[in-house]
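A closer look at the structure
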Amino acid sequence: MKSTDDPWVIFPFFGFASGIASGMSVLVPGLGLIAPGVLLGIALMCGFEGSGTRLSWGQRMALVIGTTIGYIAAMLTGIVIYRAHDLGNGFHAAMVHAGFAGGAGGLIVSATLALAVPSLAAFRVISIVTVAGGLFGVPFGYLAVYIADHTAAGHPWDDFVAFTIWQVGVAGAVPLACGPFHSIRR
């Protein structure tokens, strides 16, 4: 088996590359508002292409647009939850906010995947990728606060770690949507 054909290697690899690039995008003022979503969409598109699933131009654009909307929704969800629930300003608050925000972003990314890539089982991809978004949002929040506030590295190094963890987790969950007995290349 070649690693270039293995979705279990391809998707996390492109998620990792997207996470690092997303961390770099926040260094440019204004670019960090949409670039992480666009980069995740490109990473998922490359993951499908790299694992043998050919996508049409419309499917590619749907992935990029859907992940960008998912990223914006995740940011807005984090802000709304922060305003709605006074959990303070520490690790617990960051993990709760990021968990809900990651789940919201994961829900929109998963809905985009279910609509744009018909070879994926819709219920499976929506449930698995949404849960992965929420679960990987928790370490996103914890590590972002820890690195920014409690290490000499500080900001923007927290973005490199946090974005990478979330995007590897969400991209790595996509092969699970195919199930143990199904191929991503249907």
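Structure: above.
Structural notes, computed from the coordinates. Keep in mind it's a predicted model, so treat the numbers as computed, not measured.

1. Observations regarding the packing of helix H1 (residues 7-25) against helix H2 (residues 35-50)
- The N-to-C vectors of H1 and H2 enclose an angle of 160°; their axes lie 8 Å apart at closest approach. Our classification of the angle between H1 and H2 gives roughly antiparallel. Along this stretch, H1 crosses H2, giving a crossing that reads as right-handed. Only Ala35, Pro36, Leu39, Leu40, Ala43, Leu44, Cys46, Gly47, Phe48 and Gly50 of H2 make contact with H1, whose side of the interface consists of Ile10, Phe11, Phe14, Gly15, Ser18, Ala21, Ser22 and Ser25.

2. Description of the side chain of glutamine 167
- Here glutamine 167 shows up in helix H6 (residues 157-173).
- The residues touching glutamine 167, leaving out its near neighbours within four places in the chain, are Gly15, Ser18, Gly19, Ser22, Pro36 and Leu40.

3. So, the environment of methionine 75
- By the secondary structure assignment, methionine 75 is in helix H3 (residues 57-84).
- Taking the C-alpha atoms as reference points, methionine 75 and valine 96, 21 residues apart in sequence, are found 13 Å from one another.

4. Comments concerning the packing of aromatic side chains
- The final tally for this structure, using the stated rule, is 8 aromatic pairs.
- Seen in terms of ring centroids, phenylalanine 13 and phenylalanine 14 are 5.3 Å apart; in terms of plane orientation they differ by 70°. Their pairing is edge-to-face.
- On the numbers, 5.6 Å between centres and 80° between planes, the contact of phenylalanine 140 with phenylalanine 163 is edge-to-face. Of this pair, phenylalanine 140 sits in helix H5 (residues 122-150) while phenylalanine 163 sits in helix H6, placing them 23 residues apart in sequence.
- Accessibility expressed as a relative area gives 23% for phenylalanine 140, which makes it partly exposed.
- Feature note: the residues Tyr71, Phe140 and Phe163 constitute an aromatic cluster, connected by ring pairs.

5. A short note on the packing of H2 against H3
- It is at 7 Å that the axes of H2 and H3 come closest, and there the two elements cross at 140°. Between H2 and H3 the crossing geometry is right-handed. Here Pro36, Gly37, Val38, Leu40, Gly41, Ile42, Leu44, Met45, Phe48 and Glu49 of H2 lie close against H3, whose contacting residues are Arg60, Leu63, Val64, Thr67, Thr68 and Tyr71.
- Looking at the contact of H2 with H3, its residues break down into 10 nonpolar, 4 polar and 2 charged.

6. Quick notes on the nonpolar core
- Judged by nonpolar contacts, the single largest core of 23 residues is most densely connected at Leu44, Phe48, Leu113, Leu120 and Val129.
- Going through the elements one at a time, H2, helix H4 (91-116), H5 and H6 are the ones with two or more residues in this core.
- Residues within four places of leucine 113 in sequence aside, it is in contact with Leu44, Phe48, Leu63, Leu120, Val125, Val129 and Val174.

7. A word on the environment of glycine 137
- Structurally, glycine 137 is set in helix H5.
- Residue classification places glycine 137 among the buried residues on the basis of a relative accessible area of 1%.
- For glycine 137 and glycine 102, which are 35 residues apart along the polypeptide, the C-alpha to C-alpha distance reads 4.6 Å.
- Setting aside anything within four residues of it in sequence, one finds glycine 137 in contact with Ala98, Gly99 and Trp166.

8. Focus: a nonpolar patch on the surface
- On the surface, Leu33, Ile34, Ile72, Leu76 and Ile79 cluster together into a nonpolar patch covering about 440 Å² of accessible area.
- A relative accessible area of 52% places leucine 33 in the exposed class.

9. Overview of the side chain of serine 18
- Relative to the helices and strands, serine 18 is located in helix H1.
- What serine 18 contacts, discounting residues up to four positions off in sequence, is Leu39, Leu40, Ala43 and Gln167.

What counts, and at which threshold
Each chain carries its own residue numbering, running from 1 in the written order of its sequence. Two thresholds apply to this predicted model, a pLDDT of at least 70 for residue-level local features and 80 or more for giving and counting side-chain atom pairs, whereas whole-chain, interface and lining totals are computed over all residues. The basis for the side-chain values is all heavy atoms of the structure; hydrogens and waters are excluded. All axes here are fitted lines through C-alpha atoms, helices being fitted over the stretch that makes contact, and every angle between N-to-C directions spans 0 to 180 degrees. Runs of E in the DSSP output that reach at least two residues are strands. Runs of H or I that reach at least four are helices, and both are numbered from the N terminus. Should an angle fall under 35 degrees it is called roughly parallel, over 145 degrees roughly antiparallel, and 65 to 115 degrees roughly perpendicular, with every other angle called oblique. Should the near helix be turned anticlockwise from the far one by less than a right angle, the crossing is left-handed, and should it be turned clockwise, the crossing is right-handed. Every residue pair with non-hydrogen atoms within 4.5 Å of one another is taken to be in contact. Each Phe, Tyr or Trp ring (for Trp, its six-membered ring) is paired with any other whose centre lies within 6.5 Å, and the angle between the two planes then decides the class: stacked below 30 degrees, edge-to-face above 60, tilted in between. The classification of residues rests on relative accessible area computed with a 1.4 Å probe and restricted to protein chains. Under 20% of the type maximum is buried, over 50% is exposed, and intermediate values are partly exposed. All residues other than Ala, Val, Leu, Ile, Met, Phe, Trp, Tyr, Cys, Pro, Asp, Glu, Lys and Arg, Gly among them, are scored as polar; the first ten of these are nonpolar and the last four charged. Only buried Ala, Val, Leu, Ile, Met, Phe, Trp, Tyr and Cys residues count toward a nonpolar core, and they belong to the same one when joined by side-chain atoms within 4.5 Å. What makes a patch is a set of residues exposed beyond 30% relative accessible area and free of salt bridges, joined within 9 Å when like-charged and within 5 Å when nonpolar (Val, Leu, Ile, Met, Phe, Trp, Tyr). Accessible areas in this description were obtained via Shrake-Rupley with a 1.4 Å probe; residue shielding takes into account the shown protein chains only. Any Lys or Arg side-chain nitrogen located within 4 Å of an Asp or Glu carboxyl oxygen qualifies as a salt bridge.

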